[in-house]
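In case you want the letters, here they are:
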Amino acid sequence: MENMDKRDLPFLTVGRLATLIESSEISPVEVTEAYLDRIRKINPLINAYITTADEQVLLDAEIAESEIANKRYLGPLHGIPFAVKDQFLTKGLTTTNGSQLLSDFVPDRDATVISKLKEAGGLLLGKLNMGEFAGGGIFNYPYGIPRNPWALDHTTGGSSSGSGGATSAYLCATSLGEDTGGSIRSPSSFCGLTGLRPSRGRVSRHGMFSAIWSMDTPGPITRNVEDCAITLQVIAGADPMDPYTEPIPVPDYRQHLTGEIKGIRIGIVKELLLDDYIDPQVKTSIVRATQKLEELGAIVEEVSIPLMKNAMSYLIQIPHTVTEMSAIYDNFVRTRLGEYNHDVQVNLLLGKILPAQIYYKAQKLRGLLREQTKNILRNFDLLVAQTDSEPAPVLTSGHMPSSKKEIIDKILRPIFSTVGFALVGLPAISIPCGFADVKGTKLPIGLQIAGRPFAESTVLRAAFAYEQATEWHKASPPI
């Protein structure tokens, strides 16, 4: 492409790169080299990558370049460099699950989502930092603390921390995260990105380390809605290796990005906008975002889902978290517990001693939450709320907070509004909707849009309409 400096290539969207690659105006090799150069320069500042695949990705880029030159173009991800949370198995490339326990683990196969991305011509740049076993969060990172490109002393969110940081800092064109209670949506919100948690069963989990079996869901983290749709298109669909994927046809998601939402019924979940739980600047941005959706033709009303405010609590989410995680990794708990970070040890041990009746009660409450939500979605197409109830918190280090107030302030409040949709298994997206001023630092705010099961098309359509009517997604971090 004439007059384009190679250093500018990482700043293009997937959609724009795809157009230029298909027409051979730029080559996959040029794009890959540009990303690797930027990773070498920027990653030491934000610690987004655990492992890079420099030699292999350049070889793959040469193959992609040859295929395209010979008229074998595979689609919009062909020749596009991507990166993934280190929770997914990658053949021949170390997969740590964010833990020193697996520092030498090199899989002999790819996770299904990795295979699909490669089959679509995607180029794997490397593996991204994360909370240990997707259950550590924001306090300890065995491979170093990921830093937010908008403010290096603030968190990127957990546990898809590196996916948020790398995508926001233009260290990959698109990325994959994994969302259990909010681990795609929170990094997206904190880093000014678009991140989609698909419906449970829409994307295969084969070859992915689990955190909470009943909630884990892979999904894309990107810089705009179109890129999100492009990435989801490739990874979605039934997988014979994962019996929990649903044999439901995958629509052409990009075709649904019309910008038209007239008549769509949207419910604002009032329990998630409680003043006791939400930063005033975040609430202001969400209210303005819902007004914009109304201006675009949506029918917006307040709705009540009473149990939503209790989703991220000792009553519902936490019993699922600690019980399922300790069961999944029972052998490690019995033989290598001392090698985990302190905060993960606490969760694993709590899971071993939690009384069965508490887990049983959590299951019953989850069922009630599902019914309450399903009843609302009979009359509404979408639900909206903030993604996170406050901007990205300042980084902390050391042990998990022990007092009730610290746990509420540092763990529960920031992700208070993402967990409910995850417990129900709904598709939910986070898109940029504003900025907060935190002691002179500008930090992104995310709008969360959730839909009926397997209605990702409607979620993406509304997100795209809002995105195109605003400028928030065009902002870049100062790094």
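Presented here is a report on the structure given in the accompanying data block.

Rules behind the numbers
- Residues numbered from 1 in each chain as written.
- Predicted model: local features only at pLDDT ≥ 70, side-chain atom pairs only at ≥ 80, totals over all residues.
- Heavy atoms only, no water.
- Helix = DSSP H or I, 4+ residues; strand = E, 2+ residues; numbered from the N terminus.
- Rg over C-alpha atoms; globule rule 2.2 N^0.38 Å.
- Buried < 20%, exposed > 50% of the residue type's maximum accessible area, 1.4 Å probe, protein only.
- Contact = heavy atoms within 4.5 Å.
- Areas by Shrake-Rupley, 256 points an atom, 1.4 Å probe, with all protein chains shown as cover.
- Lys, Arg positive; Asp, Glu negative; His and termini not counted.
- Charge placed at Lys NZ, Arg CZ, Asp CG, Glu CD.
- Pairing = 2+ DSSP bridges.
- Axes fitted to C-alpha atoms, helices over the stretch in contact; angles between N-to-C directions.
- Parallel < 35°, antiparallel > 145°, perpendicular 65-115°, else oblique.
- Nonpolar A, V, L, I, M, F, W, Y, C, P; charged D, E, K, R; others polar.
- Core = buried A, V, L, I, M, F, W, Y, C linked by side-chain atoms within 4.5 Å.
- Phe/Tyr/Trp six-rings, centres within 6.5 Å; stacked < 30°, edge-to-face > 60°.
- Lys NZ or Arg CZ within 6 Å of the ring centre and 35° of its normal.

**Section: the overall build of the chain**
- Per the secondary structure count, the chain includes 15 helices and 11 strands.
- Relative to the globule expectation of 23 Å for 479 residues, the C-alpha radius of gyration of the chain, 21 Å, shows essentially globular dimensions.
- Dimensions along the principal axes, computed over C-alpha positions, put the chain at roughly 60 × 55 × 50 Å.
- Split into buried and exposed, the 479 residues of the chain put 60% on the buried side.
- Sequence separation of 24 or more characterises 79% of the internal contacts of the chain that already satisfy a separation of 6 or more.
- Here the chain has roughly 18100 Å² of accessible surface; of this, 52% comes from carbon and sulfur atoms.
- Computed over 47 positive and 53 negative side-chain charges, the inter-centroid distance for the chain is 6 Å.

**Re the sheet that holds strand E6 (residues 217–222)**
- As summarised here, the arrangement of the 11 strands in space is E1-E3-E2-E4-E6-E5-E10-E11-E9-E7-E8, forming an open sheet in which the pairing is mixed. A single partner strand is all that each edge strand has here, and the edge strands are strand E1 (49–52) and strand E8 (299–303). With direction set aside, neighbouring strand axes in the sheet form an average angle of 30°.
- Where strand E5 (residues 194–197) and E6 come together, two bridges link them in antiparallel fashion. Following the sheet pairing, glycine 195 is matched in E6 by isoleucine 221.

**What to know about the packing of helix H9 (residues 317–328) against helix H11 (residues 342–353)**
- In the contact formed by H9 and H11, the axes pass within 7 Å of each other and the chain directions differ by 90°. Comparing their axes, H11 and H9 come out roughly perpendicular. Packed against H9, whose contacting residues are Val322, Thr323, Met325 and Ser326, the element H11 presents Val344, Asn347, Leu348, Leu350, Gly351 and Lys352 at the interface.
- Taken together, the residues of the contact of H9 with H11 break down into five nonpolar, four polar and one charged.

**Observations regarding the environment of cysteine 433**
- Take cysteine 433: it is sitting in strand E10 (residues 428–438).
- Through-space distance from the C-alpha of cysteine 433 to that of leucine 460 is 15 Å; in sequence the pair is 27 residues apart.

**Focus on the nonpolar core**
- Tyr49, Ile429, Leu447, Ile449 and Leu460 are the most contacted members of the largest nonpolar core, which totals 84 residues.
- Ranked by residue count, the leading element in this core is helix H2 (residues 28–46), at eight residues.
- In this structure, leucine 460 is in contact with Val225, Cys228, Ala229, Leu232, Tyr253, Leu257 and Ile429, ignoring residues within four places of it in sequence.
- Core analysis: the second largest hydrophobic core is formed by 27 residues, Leu272, Phe416, Phe421 and Ala428 among them.

**Regarding the packing of aromatic side chains**
- Under the counting rule described, the total for this entry stands at nine aromatic pairs.
- A centroid spacing of 4.6 Å and a plane angle of 75° characterise the contact between phenylalanine 133 and tyrosine 329, whose relative ring orientation is edge-to-face. In this pair, phenylalanine 133 is assigned in the loop between strand E3 (123–128) and helix H5 (161–168) and tyrosine 329 in the loop between H9 and helix H10 (330–336), connecting sequence segments 196 residues apart. For the pair phenylalanine 133 and tyrosine 329, a shared accessibility class is recorded, and that class is buried.
- Ring geometry for tyrosine 277 versus phenylalanine 416: centroids 4.4 Å apart, planes at 15°, classification stacked. Here phenylalanine 416 lies in the loop between helix H13 (404–412) and helix H14 (419–424) and tyrosine 277 lies in the loop between strand E7 (265–269) and helix H8 (280–295), a separation of 139 residues in the sequence.
- In this structure tyrosine 277 comes out as partly exposed when scored by relative accessible area, which is 30%.
- Residue classification places phenylalanine 416 among the buried residues on the basis of a relative accessible area of 2%.
- Put simply, the rings of Phe133, Tyr329, Phe332 and Tyr340 pair up and form one aromatic cluster.
- For the cation-ring pair, arginine 200 lies above tryptophan 213, with the distance from its terminal atom to the ring centre recorded as 4.8 Å.
- Here the basic side chain of arginine 265 rests over the ring of phenylalanine 380, its NZ or CZ set 4.8 Å away from the ring centre.

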